[in-house]
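# Residue-level structural notes
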Amino acid sequence: MASQLIPEPVYKQSFARLINACAAYRSDALNAAGNSCWRLFNGFYEGWPGLVVDWFAGHVLLSFHPGKNAIVPQIQQLEELAAQLCSSFPEIQSLWYKNRQRNKAKLSLERIWGNGLPEQITENQLHYAIDLQLGQDNSFYPDTRALRTWLLSNSKGKTVLNTFAYTGSLGLAALGGGAARLVQTDLNPRFLELGRRSASLNGLESKLISLPGNFFTVIAASKRKQRLFDTVILDAPYFSQTRAGTVDLQRGFLKLVNKLRPLVAHEGHLILVNNALYVSGAEMQQQIQELCQSGYLEMEAIVPVPQDCTGYAQTICGAAPANPAPFNHPTKIVILRATRKDRQRAGLF
């Protein structure tokens, strides 16, 4: 579908105008009480493949993602964009550019305009520590906002296991919703440390257990200890490989899910996130049906990705490599309800 904002032939000539126009559709969101992180522009769907623009508490980050059809912005274009965004949003304090090269050693964060980096953002009245220099990603994902809202409303008194926790934003939402205990595990202890900082910002660190380590090793240890959780979250990276095992969302998603199923307590929830671009919504549905065939898992909800991340009807001019329907984005989020033969429930530890 062609954009109604700018005629398609002048996209490349009107870089700043395009992004500024798309950002204008988010202007109401920027004034929403209790939230300070939004996606201003998703170039994959809004006219500049490879470029994503995020708002972090008054600071703007432009991230370039290499890939097929990606268009690298030029320095002059970035400067023109900075001027136009600052004119439209005078509250902007700084603009930064991150080029996510395939070779991580080349990763750099460059200042375009202004000064200062954000150290925290707010969402649903919770404070999240962030570090835009932490790695390839930006330490916080706005596309899982609706899932954090669900966790905030459905975690009171629960025990929660957040695997591949990264910086722990999903886990913090559960703590903010009154979770009795949260276990976060990730291979990188630096990521978990940022999650601990987030918990501390909200006075919730006493309920947090951080377990740095390989997913397969940590999960095996939890099984040996016969630990059960009311909520188990699987939000794995697209691909990673260690001596203990391989993570592959496109070819081995169900293997990861089945590793975690024994840890879900009776009438607990198993939350699955698959952000593989080339896994279609139909494929994801088929996998869920396969999981539910035994009758011990049941689909409870599909969680949508918020509109600022998917683009607006008036701005969308591109499509995902694989059709995500019935999901509204390649980040496909499902909540399953579990039943156990032994009726065992979670306990606090």
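In this report, we go over the structure that sits alongside the text. Note that the structure is predicted; figures quoted are calculated from it, not measured. (Residues numbered from 1 in each chain as written. Predicted model: local features only at pLDDT ≥ 70, side-chain atom pairs only at ≥ 80, totals over all residues. Heavy atoms only, no water.)

## Regarding the overall build of the chain
For the chain, the helix and strand inventory stands at 11 helices and 16 strands. Over its C-alpha atoms, taken along the principal directions, the chain stretches across nearly 65 × 40 × 40 Å. Per-residue burial over the chain gives 54% buried out of 349 residues. Long-range pairs, those at least 24 residues apart, make up 67% of the contacts in the chain with a sequence separation of at least 6. With the model as given, the accessible surface of the chain reaches about 15,600 Å², and the carbon-plus-sulfur share is 48%. (Helix = DSSP H or I, 4+ residues; strand = E, 2+ residues; numbered from the N terminus. Buried < 20%, exposed > 50% of the residue type's maximum accessible area, 1.4 Å probe, protein only. Contact = heavy atoms within 4.5 Å. Areas by Shrake-Rupley, 256 points an atom, 1.4 Å probe, with all protein chains shown as cover.)

## Section: the environment of Leu208
Tracing the backbone shows Leu208 in strand β10 (residues 208-212). For Leu208, a relative accessible area of 13% gives the class buried. Discounting chain neighbours no more than four positions away, the residues touching Leu208 are Leu175, Leu182, Gln184, Gly195, Arg196 and Ala199.

## Considering the nonpolar core
Core analysis: the biggest nonpolar cluster contains 31 residues, and Leu234, Leu260, Leu270 and Leu272 have the highest contact counts within it. Looking at this core element by element, the count peaks at 5 residues for helix α9 (residues 253-260). Excluding its chain neighbours within four sequence positions, the residues that come into contact with Leu260 are Leu161, Thr163, Phe215, Ile219, Val232, Leu234 and Leu270. Listed in part, the 30 residues of the second largest apolar core include Tyr128, Leu132, Phe140 and Ile335. (Core = buried A, V, L, I, M, F, W, Y, C linked by side-chain atoms within 4.5 Å.)

## Overview of the pattern of salt bridges
Tallied over the full model, the rule gives 11 salt bridges. With its nearest N and O atoms 2.5 Å apart, the salt bridge here joins Asp137 to Arg100. A residue pair is termed long-range when its members are at least 10 positions apart, and Asp137 in the loop between β7 (126-129) and α5 (145-153) and Arg100 in the loop between β4 (94-99) and β5 (108-114) qualify at 37 residues. Among the ionic pairs, Asp248 bridges to Arg251, the shortest N-O distance being 3.5 Å. Under the relative-accessibility criterion, Asp248 is labelled buried at 12%. Linked through salt bridges whose partners overlap, the residues forming this network are Glu123, Arg145, Arg148 and Asp308. (Salt bridge = Lys/Arg side-chain N within 4 Å of Asp/Glu carboxyl O.)

## Let's talk about the packing of helix α8 (residues 215-224) against α9
Between α8 and α9, whose axes approach to 10 Å, the crossing angle comes to 30°. In terms of orientation, α8 lies roughly parallel with respect to α9. Along the contact surface, α8 presents Phe215, Phe216, Ile219 and Lys223, while α9 presents Leu256, Lys259 and Leu260. Per-class residue counts for the contact of α8 with α9 are 5 nonpolar, no polar and 2 charged. (Axes fitted to C-alpha atoms, helices over the stretch in contact; angles between N-to-C directions. Parallel < 35°, antiparallel > 145°, perpendicular 65-115°, else oblique. Nonpolar A, V, L, I, M, F, W, Y, C, P; charged D, E, K, R; others polar.)

## Some words on the side chain of His329
Among the secondary structure elements, His329 is positioned in the loop between α11 (307-310) and β16 (332-338). Judged by relative accessible area, His329 falls into the buried class, the value being 9%. At 3.0 Å, the side chain of His329 and the backbone nitrogen of Thr331 are in polar contact. The residues contacting His329, other than those within four sequence positions of it, are Asn42, Tyr45, Val305, Cys309, Thr310 and Pro324. (Polar contact = N/O pair within 3.5 Å; in protein donor to acceptor, adjacent residues only side chain to side chain.)

## Regarding the pairing of β10
Of the pairings in the sheet, the one linking strand β9 (residues 181-186) to β10 comprises 5 bridges and is parallel in character. The residue bridging Val183 from the neighbouring strand is Ile209, located in β10. Each parallel crossover has a hand, and the one from β9 via helix α7 (residues 189-201) to β10 is right-handed. (Pairing = 2+ DSSP bridges. Right-handed = clockwise from strand over helix to strand, strands pointing away.)

## Description of the side chain of Asp54
For Asp54, the position within the fold is in strand β2 (residues 51-56). One polar contact links Asp54 to Arg39, side chain to side chain, over a distance of 2.7 Å. Excluding residues within four positions of it along the chain, Asp54 makes contact with Trp38, Arg39, Leu40, His59, Val60, Leu61, Asn138 and Pro142.

## Focus on the pairing of strand β1 (residues 37-42)
Most of β1 sits out of view: 6 of its 6 residues are buried. With 5 bridges joining them, β1 and β2 adopt antiparallel strand pairing. Paired with Phe41 across the two strands is Val53, which belongs to β2.

## Let's talk about the sheet that holds strand β14 (residues 264-274)
An order of β10-β9-β8-β11-β14-β16-β15 is seen for the 7 strands of this open sheet, with the pairing classed as mixed. One side of each edge strand has no neighbouring strand; the edge strands of this open sheet are β10 and β15 (297-303). Taking the axes of each pair of neighbouring strands and ignoring which way they run, one obtains an average angle of 15° across the sheet. Here 4 bridges tie strand β8 (residues 159-163) to strand β11 (residues 229-235), and the two strands are oriented parallel to one another. Residue pairing for β11: Thr163 is matched across the bridge by Leu234. Across the sheet, α9 lies against β8, β11 and β14, angled at about 155° from β14, the strand it touches most.

## Digging into the sheet that holds β4
Spatial strand order, β1-β2-β3-β4-β5: 5 strands in an open sheet with mixed pairing. Of all the strands in the sheet, the pair left with one neighbour each is β1 and β5. Along the sheet, successive strands turn relative to each other by an average axial angle of 20°, direction set aside. Against the sheet, helix α1 (residues 15-24) makes contact with β1 and β2, and its axis sits at roughly 140° relative to β1, the strand it touches most.

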